[in-house]
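Architecture at a glance
What follows is each chain in one-letter form.
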Amino acid sequence: MVARIADFGLAISLPESSNLNQSGRPSGLRGTTGYIAPEYGLGCKMTTKGDTYSFGILLLEILTRKKPTHRMFRGGLNLHNFVWMAFPNNLMDIADPLMMVMTSANEGNGKRVEECLTRMFSIGLACSKTSPKDRPSMCAVSRELESIRNSF
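Let me sum up the structure you'll find in this document. (Residues numbered from 1 in each chain as written. Predicted model: local features only at pLDDT ≥ 70, side-chain atom pairs only at ≥ 80, totals over all residues. Heavy atoms only, no water.)

Things to note about the packing of helix H3 (residues 48-64) against helix H4 (residues 79-86)
Interhelical geometry of H3 versus H4 gives an angle of 60 degrees and a closest axis separation of 10 Å. On the basis of their axis angle, the class for H3 and H4 is oblique. Crossing geometry of H3 relative to H4 is assigned as left-handed. Residue-level inspection shows Ile-57, Leu-60, Glu-61 and Thr-64 of H3 in contact with H4, the latter providing Leu-79, His-80 and Val-83. (Axes fitted to C-alpha atoms, helices over the stretch in contact; angles between N-to-C directions. Helix = DSSP H or I, 4+ residues; strand = E, 2+ residues; numbered from the N terminus. Parallel < 35°, antiparallel > 145°, perpendicular 65-115°, else oblique. Left-handed = near helix turned anticlockwise from the far one by under 90°. Contact = heavy atoms within 4.5 Å.)

Quick word on H4
For H4, the full list of buried residues reads Leu-79, His-80, Phe-82, Val-83 and Ala-86. Buried residues of H4, viewed axially, fall in a sector of 165 degrees; they line one side. For H4, exposure combined with an orientation more than 90 degrees from the buried face picks out Trp-84 and Met-85. For H4, the secondary structure elements touched by its buried residues are H3, helix H5 (91-94) and helix H7 (110-127). You can read the cap of H4 off the contacts: a side-chain oxygen lies 3.2 Å from the backbone nitrogen of His-80, and it is on Asn-78. (Buried < 20%, exposed > 50% of the residue type's maximum accessible area, 1.4 Å probe, protein only. Arc of directions from axis to C-beta. Polar contact = N/O pair within 3.5 Å; in protein donor to acceptor, adjacent residues only side chain to side chain.)

Structural measurements only, silent on function.
Spelled out as structure tokens, the structure:
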């Protein structure tokens, strides 16, 4: 139940001919519960959009300090929905309190920290959308992360 670096990049880790059934899909799920893209549970072919989902979940976990397998996520509530319900006005209520402590040394920058966190949460939400076609490319994610770094 702990994400490993090997959980990411699943779309490129399987050779075209290995362990694929007649529909071109892997014969078993690969990845860690909570981080694996929902479409894989439906038998869909592995794609880079599944890796994007895993990245989004990991980012939301870092920002909230809540694992996607936390016991609070039951009955339809998951990490993505938890963040979505707080977005954008109540994000500071769900953000990892240690982030606020670590950034409080930057007195006077509270608004900038909040803006940075809002943009980071936005990336996590976009990457962890249920439908693969609604997720951004990792090139777009990388550009946005660079933009956040450069403005902060």
